[in-house]
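Single-letter residue listing:
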Amino acid sequence: MTETPVTRPTSAAELETVMGWAAEEGWNPGLADAAAFHAADPEGFFLTLVGGEPVAAISVVNHDEGNAFLGLYLCRPEWRGRGIGYATWMHGLNHAGSRCVGLDGVPAQEANYRVSGFVRTGASLRHEGRVEAMASAAVRAAKEGDMPALMALDARATGYARPRFLGAWLSNEAEVRETRVLGANGDIAGFATWRACGSGTKIGPVIAPGTGEALTLIADIAALRPDGPLIVDLPEGNTALRRALEQDGFTVPFATARMYRGPAPETGPTLQAIATMELG
C-alpha cells in the first residue's frame, strides 16, 4: 500500500535539493539563488514527501499584503500522473490567501493554470548571448547604504515592494553574485544583479531608465564575467532591449507565459529585465 503524501515547509538545506531538480529540468539556476529564494518567505516553500522521499515541490512567496509569486513547481518524473503535483500546487496556493499570485509557466501548462484562475498577461523571453564587454566609469558595485534606493527603484519598476527578497538578492557574494549600480548626476539611476550559474551568468533584474542605460549595465557585467553566455530574461513588451540584444546575436531558447490570478501589478517602464522566472 502506497503511503499518503505529506506536504510541509521546505528547509534551506532541502531547497538545495529542489534547486538541483530545477537544474535537471534545464532551468540553470544561479549557484547562490536558493538562499535568496528562501529568505524571501521561508514559510512559502513546500516539499511533498512519500514515505520520507521528496517527490514534489512548490514556492509561493508572499512579497507584500497584496502580491505573491509562484515558482519552483516541480514533480519528479517517476511520480507524475498520480495527483501529487496538483495536491502540492493547491497546498502552495493556499499560502497566498487572497493575494494576487503571479507565475512564469511553460506554455504547455497554460491551460492547466487557467483552470486555477490564472490569466495570461504576456510572456517572459530568455535571451542568451554576449555583448561587447565595456567597463563603465558610471557603474560600481552596490554598497549597503544603497539598499533603500535600490528597493525603491525596484518597487516602482515591478509595481510592488519585495524587501525580504531584495535584502538577500542584492547582497554581494564573491564569485557568485554581485549587484552593479548605475549613477547619474550623483543619484542612482538603475542597477543590475549578476549571478554565476552552472553554465554562464544570469543578469536580473535590470532596472534602468532606458535601453541605453540597460545596455551599459549589461556590458559592464560582460567585462566582469568574460566566460560563457550571458542570460537575461526580458518581458515580452520590452521590444527595444529585445531588438538590441538580438542584433548583438542573442538567441531566445525559450519563453514562459506570464500569468496572474487576480489583478496584475502595474509595472513601470524602468523594468528592463526580470530578476528570475522563479520569483518574477
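Refer to the structure printed above.
Asks: Would you take a moment to explain the pairing of strand E10 (residues 201-207) for this structure?
Replies: Regular strands place their side chains on alternate faces of the sheet. Counting buried residues in E10 gives seven out of seven residues, a clear majority hidden from the surface. From the end of strand E9 (residues 187-196) to the start of E10, which pair antiparallel, there are four residues, and Gly200 there has a positive phi angle of about 80°. As judged from the three bridges shared by E10 and strand E11 (residues 230-235), these two strands associate in the parallel manner. For Lys202, the partnering residue across the bridge sits in E11 and is Ile231. Relative to strand E13 (residues 271-273), E10 is paired through two bridges, and the arrangement is antiparallel. The residue bridging Ile207 from the neighbouring strand is Leu271, located in E13.

Asks: Explanation requested: the pattern of salt bridges in the structure shown.
Replies: When charged atoms on two side chains of opposite charge get close, those side chains can pair. Tallying each qualifying case throughout the model produces 13 salt bridges. Of the charged contacts in the structure, one is a salt bridge between Asp104 and Arg258, with a shortest N-O distance of 2.8 Å. Taken as a pair, Asp104 in strand E5 (residues 100-105) and Arg258 in strand E12 (residues 255-261) lie far apart in primary sequence, 154 residues in all. We classify Asp104 as buried; its relative accessible area is 13%. Note that Glu110 and Arg114 form a salt bridge whose closest N and O atoms lie 3.7 Å from each other.

Asks: Hey, could you run me through the packing of aromatic side chains in this one?
Replies: The geometry of an aromatic ring pair is captured by two quantities: the separation of the ring centres and the angle between the planes. By the definition in use, this model includes five aromatic pairs. Here Phe37 and Trp169 contribute two aromatic rings whose centre-to-centre distance is 6.0 Å and whose plane-to-plane angle is 15°, an arrangement assigned as stacked. Linking Phe37 in helix H2 (residues 33-40) with Trp169 in helix H6 (residues 163-169), this pair joins segments that are 132 residues apart in sequence. An identical accessibility class is assigned to Phe37 and Trp169; each is buried. Through a chain of ring-to-ring contacts, three or more aromatic side chains come together here, namely Tyr73, Trp89, Tyr113 and Phe118.

Asks: Is there a simple way to explain the packing of helix H1 (residues 12-24) against H2 in this structure?
Replies: Helix packing for two helices is described by the angle between their axes and how far apart those axes are. Running from N to C, H1 and H2 cross one another at 125°; their axes reach a closest spacing of 9 Å. As summarised for this structure, H1 and H2 are arranged oblique, according to the angle between their axes. H1 and H2 meet at a crossing whose hand is right-handed. Residues Ala12, Leu15, Glu16 and Met19 of H1 lie in contact with H2, whose contacting residues are Asp33, Ala34, Phe37 and His38.

How each quantity is defined
- Residues numbered from 1 in each chain as written.
- Predicted model: local features only at pLDDT ≥ 70, side-chain atom pairs only at ≥ 80, totals over all residues.
- Heavy atoms only, no water.
- Buried < 20%, exposed > 50% of the residue type's maximum accessible area, 1.4 Å probe, protein only.
- Helix = DSSP H or I, 4+ residues; strand = E, 2+ residues; numbered from the N terminus.
- Pairing = 2+ DSSP bridges.
- Salt bridge = Lys/Arg side-chain N within 4 Å of Asp/Glu carboxyl O.
- Phe/Tyr/Trp six-rings, centres within 6.5 Å; stacked < 30°, edge-to-face > 60°.
- Axes fitted to C-alpha atoms, helices over the stretch in contact; angles between N-to-C directions.
- Parallel < 35°, antiparallel > 145°, perpendicular 65-115°, else oblique.
- Left-handed = near helix turned anticlockwise from the far one by under 90°.
- Contact = heavy atoms within 4.5 Å.

Such coordinate-based values are descriptive only and should not be taken to indicate function.
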